[in-house]
Amino acid sequence: MSRIAAKFSALQSQNRKALIPFITAGDPEPGQTLPLMRALVAGGADIIELGVPFSDPMADGPTIQRASERALAYGVSLRIVLGMVHEFRKVDATTPVVLMGYANPVEAYGLENFARDAQAAGVDGVLIVDYPPEECAEFSRVMKAVGIDPIFLLAPTSVEARFADVAQLGSGYIYYVSLKGVTGSATIDLDEVARRIPAIRAQVGMPVGVGFGIRDAVSAARIASVADAVVIGSKIIETIEQAPAGTAPALVTAFLREVRAAMDKREQA
Amino acid sequence: MQVNEYNMPDDRGHFGKYGGIFVAETLIPALAELNAAYEQAQKDPEFRAEFEDELEHYVGRPSPIYHAKRWSQLLGGAQIYLKREDLNHTGAHKINNCIGQALLARRMGKPRVIAETGAGQHGVATATVAARYGMDCVVYMGSEDIRRQAANVYRMKLLGAKVVPVESGSKTLKDALNEAMRDWVTNIADTFYIIGTVAGPHPYPMMVRDFQAVIGRECLGQMSALAGRQPDQVIACVGGGSNAMGIFYDYIPHTDVKLVGVEAAGHGIESGKHAASLTAGRPGVLHGNRTYLLQDANGQIIETHSISAGLDYPGVGPEHAWLKDSGRAEYVTVTDDEALAAFHDLCGYEGIIPALESSHALAYAKRLAPTLAQDRILLVNLSGRGDKDMHTVAEKSGIQF
């Protein structure tokens, strides 16, 4: 069983939901990534989504774009990100790591080479934002061949016909983008999410994580009441961005603990 | 290659291995809606008739072809003919596509249009049609381009558009495109994104080409009438590649006509400061399609340079990528200095002030003409006029207004 499947299975038996924080690898500088990943785990992260910096992050808002630009200023490439995951695996053998990024750095690396090196580094899942199902049968095949989960997005605007494509090509979990727009924008429509999730879960046969627009413990707990996982990105990046030098890991841990507590409290209630 | 049966792209927008739909899931339904609306519009004679009527009465088509006899004589070789897209309303070929997409937006009931712009030509054309059809208009433009193209920014504002400066990345066309995509994904219900070039996710490369194909279609008839035959070579500048696709498209089956796209070599390919994606790039994925891109070893998109803002783009339309690989078209490069020299030639010898973009195509004709016999014919797409470039050219010549 993959680390991601094992994690969801363990959580389910405890009647808990997954907390999935996102940070951009190399932000605010490469030396901070490992301490931040450990800080996320200390705060209660079940899975870590690690952003691979890209020069043109079209689907992201200004917060994550700035994180990408800070990392790129240090020359953080996909190869360096894989090295970071390798280092993380030396101190944490259980927390799944999902790389999230754009197609071009992966294609420049070479799909087969990337699959081989990502597996060796200890990557568990890969989400390529600009690979919709119709363009990535090959990507899905290559990832699955090395035991890495290809993770796909669904959106409020997705028609039901797409659920089957995603069910066939994807594994691990589905990332449901909870609002129209880019990362970090606006607020979430909980009723809409609550209405869609059961149908999606039933058709894709995978856990469904919800992200985009979740900024605090209250909204995280509300999402946890309907989804299998809660993804938080921009708010963590903002915390890192505004943290006085050296304090980011502690602040991130504190923020996630608050979110974790709210999510777990709901589940006990 | 069976160019007689040219029927690119396939139904998912692939030109061979190029093109496609590489966007986040959030955009997929909007593209499907657009694709369906476009397919239906194309089959509707009323839509075609209205498009053609607008081109005739509002844009001023057909644009003439002009034989640049004096310049040809001075160069001492092949005859240079100019397709005068610079004489269109708003001064460039961009308006052809904007009319088409705005009519489609209206048909789809979208009251708001957005656009990205580099040189400002596409922004002006979009602002123009938005005013013409009573639509709200927002144009995204890199802050570096806003500085270089102040006159066009003012034009857009006069036409009622809101111009939003883009400060991210290299602050040029590619960043404006990123920002326009973000607006679109956020405001999908009421907004139509008018892409200005033959790039982006399907159906844009095909749709923009179709709206621009009027250029080549007119040339086929006009060259017969003017010269009694088709040209030996058709030459056009290539940034994203819309004016080139527009003039190439109907010539693709005419395999005895050579098609030449001219990319911006900036300070020279070897300097690394250029915008020649087909000549010096590698295939990759950006802005919704697979195509040739200027990128570093790690797949990061690199900043480009050209004296002409309209060519300053690290990608290129996927159909050009396919035409290059198949050998049907050839792609060459011209430096800033060569483009400037051709710019001054056309001003001085023909009384025509060309856009700096188009000056790249002119510069290649200038290089080529003296090597060919006087009965050879080169047809150059003079895609836009140079009024917008006064500031840049004056600066280069050390002149201050």
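Please refer to the structure placed before this passage.
Residues numbered from 1 in each chain as written. Chains lettered and ligands numbered in written order. Predicted model: local features only at pLDDT ≥ 70, side-chain atom pairs only at ≥ 80, totals over all residues. Heavy atoms only, no water.

Novice: Where do I start with the pairing of strand 10 (residues 258–266) of chain B in this structure?
Specialist: On any regular strand, side chains alternate: one points to one face of the sheet, the next to the other face. All names here are of chain B. In terms of burial, strand 10 is largely enclosed, as eight of its nine residues are buried. Pairing analysis gives five bridges linking strand 9 (residues 233–237) to strand 10, with the strands arranged parallel. Along strand 10, the bridge assignment pairs Cys237 with Val262. For the handedness criterion, the β-α-β arrangement of strand 9, helix 11 (residues 242–248) and strand 10 is classed as right-handed. In this structure, strand 10 lies alongside strand 13 (residues 329–335), joined through seven bridges in parallel fashion. What sits directly across from Glu263, in strand 13, is Thr333. (Buried < 20%, exposed > 50% of the residue type's maximum accessible area, 1.4 Å probe, protein only. Helix = DSSP H or I, 4+ residues; strand = E, 2+ residues; numbered from the N terminus. Pairing = 2+ DSSP bridges. Right-handed = clockwise from strand over helix to strand, strands pointing away.)

Novice: Is there a simple way to think about the pattern of salt bridges in this case?
Specialist: Oppositely charged side chains are able to pair whenever their charged atoms sit close together. Here the structure, examined in full by the defined rule, presents 42 salt bridges over all chains. One salt bridge in this structure joins Asp375 of chain B and Arg376 of chain B, with 3.4 Å as the shortest N-O distance. On the basis of relative accessibility, which here comes to 48%, the residue Asp375 of chain B falls in the partly exposed class. We classify Arg376 of chain B as partly exposed; its relative accessible area is 33%. By sharing partners, the salt bridges in this structure join Arg16, Asp46, Arg260 and Asp264 of chain A into a single network. (Salt bridge = Lys/Arg side-chain N within 4 Å of Asp/Glu carboxyl O.)

Novice: Could you clarify how one ought to interpret the interface of chain B and chain A in this entry?
Specialist: A common measure of how large an interface is: the accessible area buried when the components associate. Across the boundary between the two partners, chain B contributes 33 residues, which contact 36 residues of chain A. For the pair chain B and chain A, the summed buried surface comes to about 2,800 Å²; carbon and sulfur atoms form 52% of the total. If you sort the residues of chain B by the area they bury against chain A, Glu25, Arg182 and Gln300 of chain B come out on top, with a joint share of 25%. Seen at the junction of chain B and chain A, the total is three salt bridges. (Contact = heavy atoms within 4.5 Å. Buried area = accessible area lost by both parts, 1.4 Å probe.)

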